[in-house]
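# A look at the structure
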Number of protein chains: 2
Amino acid sequence: MDVQNELEKMGLKLGEVEKYIEDMGYFKGKADAVVLAKSTEDVARVVKFANEREIPIIPWGRGTSVTGAVTPIKGGIIIDLSSMNRIIDFSDEDWIVHVEAGAILDEINAFLRPRGFFFPPDPASSFMCSIGGATSEGSGGMHCVKYGTMKDWVLAMKVVLPDGSTVTVGEPLHKNRVGYDLTHLMIGSEGTLGVITEVWLKVVPIPGYKIKRVLTFFDSEEDIGRTIINLRKNRVQPEIAEYMDLKVLEAVKSSFNIETHGVGALLIDVPEFEIEKLNLSLSNPSFVKVADSEEEKEELYKARSYAYLAVKTLAKYAMSEDVVVPISKLPKVFKKVRELEEKYGMKCPMVGHIGDGNLHPIILYDDASKDRAESFFRELCIYVIDEGGSVTGEHGVGIQKREMAIRQIEEHNGRPLLDLMKEIKLVFDKKKIMNPYKQVV
Amino acid sequence: MDVQNELEKMGLKLGEVEKYIEDMGYFKGKADAVVLAKSTEDVARVVKFANEREIPIIPWGRGTSVTGAVTPIKGGIIIDLSSMNRIIDFSDEDWIVHVEAGAILDEINAFLRPRGFFFPPDPASSFMCSIGGATSEGSGGMHCVKYGTMKDWVLAMKVVLPDGSTVTVGEPLHKNRVGYDLTHLMIGSEGTLGVITEVWLKVVPIPGYKIKRVLTFFDSEEDIGRTIINLRKNRVQPEIAEYMDLKVLEAVKSSFNIETHGVGALLIDVPEFEIEKLNLSLSNPSFVKVADSEEEKEELYKARSYAYLAVKTLAKYAMSEDVVVPISKLPKVFKKVRELEEKYGMKCPMVGHIGDGNLHPIILYDDASKDRAESFFRELCIYVIDEGGSVTGEHGVGIQKREMAIRQIEEHNGRPLLDLMKEIKLVFDKKKIMNPYKQVV
């Protein structure tokens, strides 16, 4: 209460702590106070105050993390940036949009699309996630198979450093080689290095060519993996390449008009001129459906977008993996997931941005099977690390994957790299107030 | 000599110090020894030795820096990586090529093209520059207007850290969110954080659509800037968009079959389906030439590639700027360059990747006019900083732009960001042996 009083005396607006207890991955923690920031200056004042007293700071965009990235583990002050949601500036000459960190991703695109542009990264939570959160998490989404993730689209950002000073990281320019690249150090740092209050994003024109959306069903996951390998070998660059297994298709069926056949389906967008090469790449398809209308295209896209939310309703809890493997190893990892499903006697619907080797097996569990779910999660992570993959492609580390992420760095990169990360954390945040116990630091 | 003897005793192969005196920008310095590294292990041994004795280390790819990035300012050991030039692995499933740092960029593309792929960043020195050097410099080139620079294409690298330990930075995967992004910290760090010995690069299929190459002449630079602005406003994504002024066209004319008209020309590649929009974007063109054959296309591309080398022959020395401005400010910066040309009474041929606002005014000078050339350089840099631009888009900082780069950070980013960079340097390199006095650290 003391902290709340002091923050109020500073003229800051406070939120209700109880509304910030849980993220979308059920990670729970209670803050000592929530500040509803209205400006970068508000943020700077809170951070300075917290730094002086060594109180943890947790930056909060819209709370859509599924890894506990915004969970206050040892109390502290949540800075809610959702009121800082302005689109500050846009230039159709520079192809750059400048926004506040609390702006919702889909709202940025709603602004850009009538102007003929779009911002490609599209996490499933894009209808509600903040751009600051997406930046801090280095988020991905369906279009990332072609366009890359947040790291490929953020040019610069305004950041309140842990000592309360405000800097601009990067330059709002398409090219810049001055100094070390701290922009990318911030992207994906999960609020452990400072508070992002504004970002400058690259945007691109909506493609002028026609795009075909194809939903293809298969009778084996081996053939699904094989199809993606064939696409690569045939040098097809899809706009999206998504997987939904039968359990996922069944889950979204009640809300969306989608067919179900075989063991699962690939949802693939390609430019019209690539449709022949796509057909050649399909490995034993059992049923192929080309979307005929814009409405049908939209319906299929939405079905895939809402898959995680639909699957979550199937059990008390859902634990989402976010593994990435080299494309060549897709068939192997499919097999492993199914083996583990059997071994642990659990259901694991699977979706994923399969086009870049990024799969989301979603382990369903209840209070009684929580330990088994965690063993399943861990065993798959270890398998993926051993196969040269990564335990996270876009969800980030948060609390959920700390142990596995550290293991991955030790096995793939070497312990000295982990030590460097920890030392860099201290360079930014000497008192370790910024979002403690997250990422690998 | 002592150092040379000790290195030889370690069984390392040494090069002739005299061959490593000067880079392509006339920056001079003499090393105490040159080691011709054959392996990452060789590099690690040299770095460990140097670290123990606090001897500077200068990583050397092919010496194509134009900023003094590989110049030994206070002696030290040059590690020449040019013998480490293998293509280690390539996967047409994963679209990743794994190469040693000394591999020449064009040779990587010569390997990829018959397989249907290419690696987009293409600095003018691509016929001789090393991929390790291009990574350390964060290099760009003509295709970067569409595809981005090195920072958009390097997934991971093997690095010998300043203490002699070897790590892998990043993951050879299209997506990875584990830990802090130190890959991008290394890209553009100009050898100040470690020695890159291997890199994993993304590659992409050669486009399936037809590309038109158009050379358009103009009677004013105002119209040239205006044309680029129009292209942006019309949402045309060119494959390349290059500028050559009349002095440059005249310089390349003797070696290439190229016409000259007006004050200069834009060389623009667009997909065939965008040709109408390109025509609409041209602001008062005085002469338009569409390349008819593959030979003609190649001739024009080469003329632009060799522009810097051709211009260098026009005077005893040539000093290349590498400024970037927001697209909207192109007409203003053109005007400024011409004003400065007049003010200082010097010739300044200009080329540039104008499509992303990156210009290379090349100041010609001799021994008598060196000071004036430097004043010209400085004054343009300060103008660009004041206009919200950057003093380097792709050449890097090296020795040449240290003062201006620091000024830019202080004005645009804030002094605390510069301090963070210096502290990060110390985290990696406690004894400051790695390529001292380069970049801003």
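Residues numbered from 1 in each chain as written. Chains lettered and ligands numbered in written order. Predicted model: local features only at pLDDT ≥ 70, side-chain atom pairs only at ≥ 80, totals over all residues. Heavy atoms only, no water.

### Quick look at the packing of helix α15 (residues 415-428) of chain A against helix α15 (residues 415-428) of chain B
When two helices pack together, their arrangement is given by the angle between the helix axes and the distance between those axes. Direction vectors running N to C along α15 of chain A and α15 of chain B enclose 150°, while the axes themselves pass 10 Å from each other. Viewed along their axes, α15 of chain A and α15 of chain B adopt a mutual orientation that is roughly antiparallel. Viewed along their axes, α15 of chain A and α15 of chain B form a crossing whose handedness is right-handed. Listed contacts from α15 of chain B to L420, E423, I424, V427 and F428 of chain A of α15 of chain A are L420, E423, I424, V427 and F428 of chain B. Its residues assigned to classes, the contact of α15 of chain A with α15 of chain B shows eight nonpolar, no polar and two charged. (Axes fitted to C-alpha atoms, helices over the stretch in contact; angles between N-to-C directions. Helix = DSSP H or I, 4+ residues; strand = E, 2+ residues; numbered from the N terminus. Parallel < 35°, antiparallel > 145°, perpendicular 65-115°, else oblique. Left-handed = near helix turned anticlockwise from the far one by under 90°. Contact = heavy atoms within 4.5 Å. Nonpolar A, V, L, I, M, F, W, Y, C, P; charged D, E, K, R; others polar.)

### A word on a nonpolar patch on the surface
On the surface, a nonpolar cluster with roughly 300 Å² of combined accessible area is contributed by F127, M128, Y306 and L309 of chain A. Along the chain, Y306 of chain A falls in the loop between α10 (294-305) and α11 (307-312). (Patch = residues over 30% accessible without salt bridge, like charges linked within 9 Å, V, L, I, M, F, W, Y side chains within 5 Å. Areas by Shrake-Rupley, 256 points an atom, 1.4 Å probe, with all protein chains shown as cover. Salt bridge = Lys/Arg side-chain N within 4 Å of Asp/Glu carboxyl O.)

### What about the packing of helix α14 (residues 402-413) of chain A against α15 of chain A?
Residue and element names in this part refer to chain A. Close contact between α14 and α15 brings their axes to 7 Å; oriented N to C, the two are set at 130°. It follows that α14 is oblique to α15 by the angle criterion. On the side of α14, the interface is formed by I406, I409, E410 and N413, while α15 contributes R415, L417, L418 and M421. The class makeup of the residues in the contact of α14 with α15 is five nonpolar, one polar and two charged.

### Examining the pairing of strand β2 (residues 33-36) of chain A
All names here are of chain A. Residues A33 and V35 of β2 are buried on one face, and the alternating residues V34 and L36, pointing to the opposite face, are buried as well. Pairing of strand β1 (residues 14-15) with β2, which is carried by two bridges, proceeds in the antiparallel orientation. Across the sheet, L14 pairs through a bridge with V35, a residue of β2. Strand direction decides the pairing type here: β2 and strand β4 (residues 77-80), joined by four bridges, are parallel. Paired with V35 across the two strands is I79, which belongs to β4. (Buried < 20%, exposed > 50% of the residue type's maximum accessible area, 1.4 Å probe, protein only. Pairing = 2+ DSSP bridges.)

### Some words on unusual backbone geometry
Residues and elements named next belong to chain B. Positive phi outside glycine occurs at Y26, with the angle close to 65°. Take Y26: it is sitting in the loop between β1 (14-15) and β2 (33-36). If you check the backbone angles, E54 has positive phi at about 55° while not being a glycine. Among the secondary structure elements, E54 is positioned in the loop between α2 (40-53) and β3 (57-60). Exposure remark for E54: the relative accessible area of 51% places this residue in the exposed category.

### Examining the side chain of Q4 of chain A
Residue and element names in this part refer to chain A. Along the chain, Q4 turns up in helix α1 (residues 2-9). Side-chain polar atoms of Q4 contact the backbone oxygen of D32, separated by 3.0 Å. In this structure Q4 touches L14, V17, D32 and A33, once residues within four positions along its chain are discounted. (Polar contact = N/O pair within 3.5 Å; in protein donor to acceptor, adjacent residues only side chain to side chain.)

### Describing the nonpolar core
I131, L182, L201 and F428 of chain A together with I131, L182 and F428 of chain B are the most contacted members of the largest nonpolar core, which has 237 residues in total. Every residue in contact with L182 of chain A, bar those within four places of it in the chain, is listed here: V169 and F428 of chain A together with L185, L417, L420, M421 and I424 of chain B. (Core = buried A, V, L, I, M, F, W, Y, C linked by side-chain atoms within 4.5 Å.)

### A closer look at the interface of chain B and chain A
Taken together, the contact pairs 82 residues of chain B with 82 residues of chain A. Taken over both partners, the interface formed by chain B and chain A buries close to 6,900 Å², and the fraction arising from carbon and sulfur atoms is 60%. Linking chain B to chain A there are 14 salt bridges. E423 of chain B serves as the salt-bridge partner of K430 of chain A, at 3.4 Å between the closest nitrogen and oxygen. Our count for the contact surface shared by chain B and chain A stands at 45 residue pairs in polar contact (both at pLDDT 80 or more). Looking at the side of chain B that touches chain A, the elements with two or more residues in it are α4 (131-137), β9 (166-170), α6 (183-186), α7 (221-233), α14 (402-413) and α15 of chain B. Top contributing element to the side of chain B that touches chain A by residue count: α15 of chain B, with nine residues. Residue classes in the side of chain B that touches chain A are distributed as 33 nonpolar, 29 polar and 20 charged. (Buried area = accessible area lost by both parts, 1.4 Å probe.)

### Description of the domain arrangement of chain A
All names here are of chain A. Splitting chain A by domain gives domain 1 (3-80), domain 2 (87-205), domain 3 (208-314) and domain 4 (316-433). Ranking the residues of domain 1 by area buried against domain 4 places Y26, N51 and T67 at the top, with a combined share of 47%. The interface formed by domain 1 and domain 4 contains zero salt bridges. Run the count over domain 1 and domain 4 and you get five residue pairs in polar contact (both at pLDDT 80 or more). When its residues are assigned to classes, the side of domain 1 that touches domain 4 shows ten nonpolar, four polar and two charged. (Domains from an automatic or database assignment.)

### Describing the packing of aromatic side chains
Scanning the entire structure with this criterion turns up 30 aromatic pairs over all chains. With centroids separated by 6.2 Å and ring planes inclined at 55°, the aromatic side chains of Y147 of chain A and W153 of chain A adopt a geometry described as tilted. Of the residues examined, W153 of chain A reaches a relative accessible area of 6% and is grouped as buried. Each ring, one from F90 of chain B and one from F111 of chain B, has its centre 5.8 Å from the other, and the planes form 85°; the classification is edge-to-face. (Phe/Tyr/Trp six-rings, centres within 6.5 Å; stacked < 30°, edge-to-face > 60°.)

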